[in-house]
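This is what each chain is made of:
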Amino acid sequence: MHAIQIASHGGPEVLSVREVPQPAPGADEVLIRTAASSLNPVDWKTRAWEVGPELPATLGWDLAGVVTATNHPGYRPGDQVIAMSAQIATGRGTWAEQVALPARLLAAAPTTVSLVDAASLPLAGVTALQALQQAAVTDGDHVLITGAAGAVGGMAVQLARHTGATVDALVSRPEHLVAARELGAERVWHAPADLPRRTYTAVLDTAGTAAGPALAPGGRYVSIADHPLPDIPGAAKSYVQEDQDHLAHLAALVDRGELRLRIAHRYPFHEVRSAHERFEAGGVLGKILLIF
Ligand SMILES: NC(=O)c1ccc[n+]([C@@H]2O[C@H](COP(=O)([O-])OP(=O)(O)OC[C@H]3O[C@@H](n4cnc5c(N)ncnc54)[C@H](OP(=O)(O)O)[C@@H]3O)[C@@H](O)[C@H]2O)c1
């Protein structure tokens, strides 16, 4: 079977499609035939930076596919599933035609979207959900979400709206203003200097912007960006954790029509270098999928 691997760190040219042995599911694990995965910033960072497991390594965190063999009573061959695998910590990348994962990482795929498109959900969705939970966003909040046109930001705008909170947004460029409004943001800016000061009861920063002055006194500031936190009491980072229940919750929201998946591009997996180049060029509205 084929997997997308790196044997050294560098530009998109270090990505190669390699013939590798089919994985064997261990105890409580499930073998999945991959339908699709997606690109997340962690994938190009793992490729480019000296981070992640020993090389050669298969990249990829997101997975949507069909169970083909199982060592867990909760799954049967033919089940359509989604998963998030913390590749950088565990080395279990999902960019392969077949993937073996612990059953505790899987949830049933949403049924109202294609299995391929469901690959856009796991990492971005779980990250947004957990960051909003860390920020304790509820219906009384006035929330600012930065990077709102991005993958996590776009999920966060929708999920924050479901809590009943009022949501405003910061995007990177004027042509993304409409997209953030369509996701449910009320007021949308593209220049941090224009943000109202001391206004928001909660800020979720997905873009590493200087949004600190927009936080109301006593507000909660949560960031998922690599950038250092602003000097605000209680400001905290959120780091996504694998969580089956969160995946299942997100899939249910998709099926109820309450969470919209946004797909920008679909690439056959052997065009992974082009997919990375497109991703790193920026300005992408929605997820980039790799089809297996
Ligand atoms: N801590 C965690 O657990 C965790 C989990 C997932 C992701 N992350 C990190 O969170 C970040 C976002 O991830 P993602 O998947 O949402 O990436 P993404 O899809 O690339 O979205 C990032 C968005 O932020 C925008 N942006 C960049 N600079 C901005 C600025 N100064 N002001 C406003 N918007 C700006 C980008 O616009 P352009 O395309 O125009 O640049 C893009 O729309 C990445 O750094 C990622 O590594 C962390």
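The structure displayed is predicted, hence computed values, not measured ones.

Conventions used here
- The residue numbering used here restarts from 1 in each chain and proceeds along that chain's sequence as written.
- Local features in this predicted model are restricted to residues whose pLDDT is 70 or higher, and side-chain atom pairs enter the listing and the counts only when it is 80 or higher, whereas totals over whole chains, interfaces and linings include all residues.
- To get the side-chain values, take all heavy atoms of the structure and skip hydrogens and water.
- Any carboxyl oxygen of Asp or Glu within 4 Å of a side-chain nitrogen of Lys or Arg constitutes a salt bridge here.
- Think of it this way: any DSSP run of H or I at least four residues long counts as a helix, any run of E at least two long counts as a strand, and we number them from the N terminus.
- A 1.4 Å probe rolled over the protein chains alone gives each residue an accessible area, and that area as a share of the maximum for its type sets the label: buried under 20%, exposed over 50%, partly exposed in between.
- The criterion is simple. A nonpolar core is a set of buried Ala, Val, Leu, Ile, Met, Phe, Trp, Tyr and Cys residues joined through side-chain atoms within 4.5 Å.
- How far each domain reaches was decided by an automatic or database domain assignment.
- Two residues qualify as a contact provided that any one of their heavy atoms is within 4.5 Å of a heavy atom in the partner residue.
- UniProt positions are given in the numbering used here, feature names are shortened, and annotations may be inferred rather than shown by experiment.
- By convention in this text, a residue qualifies as near a molecule or strand provided that one of its non-hydrogen atoms is within 4 Å of it.
- Polar contact criterion, stated in full: a pair of N or O atoms within 3.5 Å, where within protein one must be able to donate a hydrogen and the other to accept it, and residues adjacent in sequence count only if both atoms are side-chain atoms.
- Only the protein chains shown count as cover for residues, and all accessible areas are computed by the Shrake-Rupley method using a 1.4 Å probe.
- Residue classes follow a fixed rule: Ala, Val, Leu, Ile, Met, Phe, Trp, Tyr, Cys and Pro count as nonpolar, while Asp, Glu, Lys and Arg count as charged, and any other residue, Gly among them, counts as polar.
- DSSP calls a pair of strands paired once it identifies at least 2 bridges connecting them.
- To obtain an axis, a line is fitted to C-alpha atoms, over the contacting stretch when the element is a helix, and the angle between two such axes runs from 0 to 180 degrees between their N-to-C directions.
- Each angle gets one of four labels, with under 35 degrees taken as roughly parallel, over 145 as roughly antiparallel, 65 to 115 as roughly perpendicular, and the rest as oblique.

A. Summary view of the pattern of salt bridges. Within this structure, the stated rule accounts for eight salt bridges. K45 is the salt-bridge partner of D226, the closest N and O atoms lying 2.6 Å from each other. Pair noted here: D226 is in the loop between β13 (215-223) and β14 (236-237) and K45 is in helix α1 (residues 41-48), with a separation of 181 residues, a long-range link. A relative accessible area of 19% means that K45 is categorised as buried. The shortest N-O distance in the salt bridge between E186 and R161 comes to 4.0 Å. Note that E186 is positioned in the loop between α6 (177-183) and β11 (188-189) and R161 in helix α5 (residues 151-162), a separation of 25 residues in sequence. In this structure E186 comes out as partly exposed when scored by relative accessible area, which is 49%. Given the relative accessible area of 37%, R161 is considered partly exposed.

B. Summary view of the nonpolar core. Grouped together as the largest cluster of nonpolar side chains are 49 residues, with contacts concentrated most on I82, L121, I145, L159 and L259. Both domains that furnish three or more residues to this core are identified here as domain 1 (2-121 + 261-291) and domain 2 (124-237). Every residue in contact with I145, bar those within four places of it in the chain, is listed here: G153, A156, V157, A160, V167, D168, A169, L170 and L204. Counting residues in each nonpolar core, the second largest holds 16 residues, with M1, A3, V30 and L105 among its members.

C. Seen up close, the UniProt feature "domain: Enoyl reductase (ER)" (unreviewed entry) in the protein chain. Feature annotation in UniProt assigns "domain: Enoyl reductase (ER)" (unreviewed entry) to the following positions: residues 10-290. Its end C-alpha atoms 20 Å apart, residues 10-290 is made of 25% helix and 28% strand.

D. Broad picture of the site of the ligand. Around the ligand sit 21 residues in total, of which K45, S172, R173, V240 and G283 are the nearest. In the environment of the ligand, an oxygen atom lies 2.5 Å from a nitrogen or oxygen atom belonging to the side chain of S172. With respect to the ligand, the backbone of S238 contributes an N or O atom lying 2.8 Å from a nitrogen atom. Relative to its free-state accessible area of 920 Å², the ligand is covered by the protein chains to the extent of 77%. Contributions of two or more residues to the shell around the ligand are made by α1 and α5. Tallied by class, residues from the shell around the ligand come to ten nonpolar, nine polar and two charged.

E. How the structure looks around the sheet that holds strand β4 (residues 57-58). Ordered in space as β2-β1-β4, the three strands form an open sheet in which the pairing is antiparallel. Lying at the two open borders of the sheet, with one neighbouring strand each, are β2 (15-19) and β4. Where strand β1 (residues 2-6) and β4 come together, two bridges link them in antiparallel fashion. Across the sheet, residue I6 finds its bridge partner in β4, namely A57.

F. Structural detail: the packing of α1 against helix α8 (residues 272-281). Relative to each other, α1 and α8 sit at 110 degrees, their axes nearing to 11 Å. One finds that α1 runs roughly perpendicular with respect to α8. Listed contacts from α8 to P41, D43, W44 and R47 of α1 are H276, F279 and E280. A breakdown of the residues in the contact of α1 with α8 according to their chemical character gives three nonpolar, one polar and three charged.

G. Structural view of the pairing of strand β3 (residues 29-38). Most of β3 is tucked away, with nine of its ten residues classed as buried. Bridge analysis of β3 against strand β7 (residues 98-102) gives five bridges, and the strand direction is antiparallel. Residue pairing in the sheet places E29 in a bridge with P102 of β7. As defined by bridge partners, β3 adjoins strand β5 (residues 62-70) across six bridges and the pair is classed as antiparallel. When the bridges of β5 are listed, T34 appears paired with G65. Bridge count for β3 against strand β16 (residues 287-291) is three bridges, and the pairing is antiparallel.

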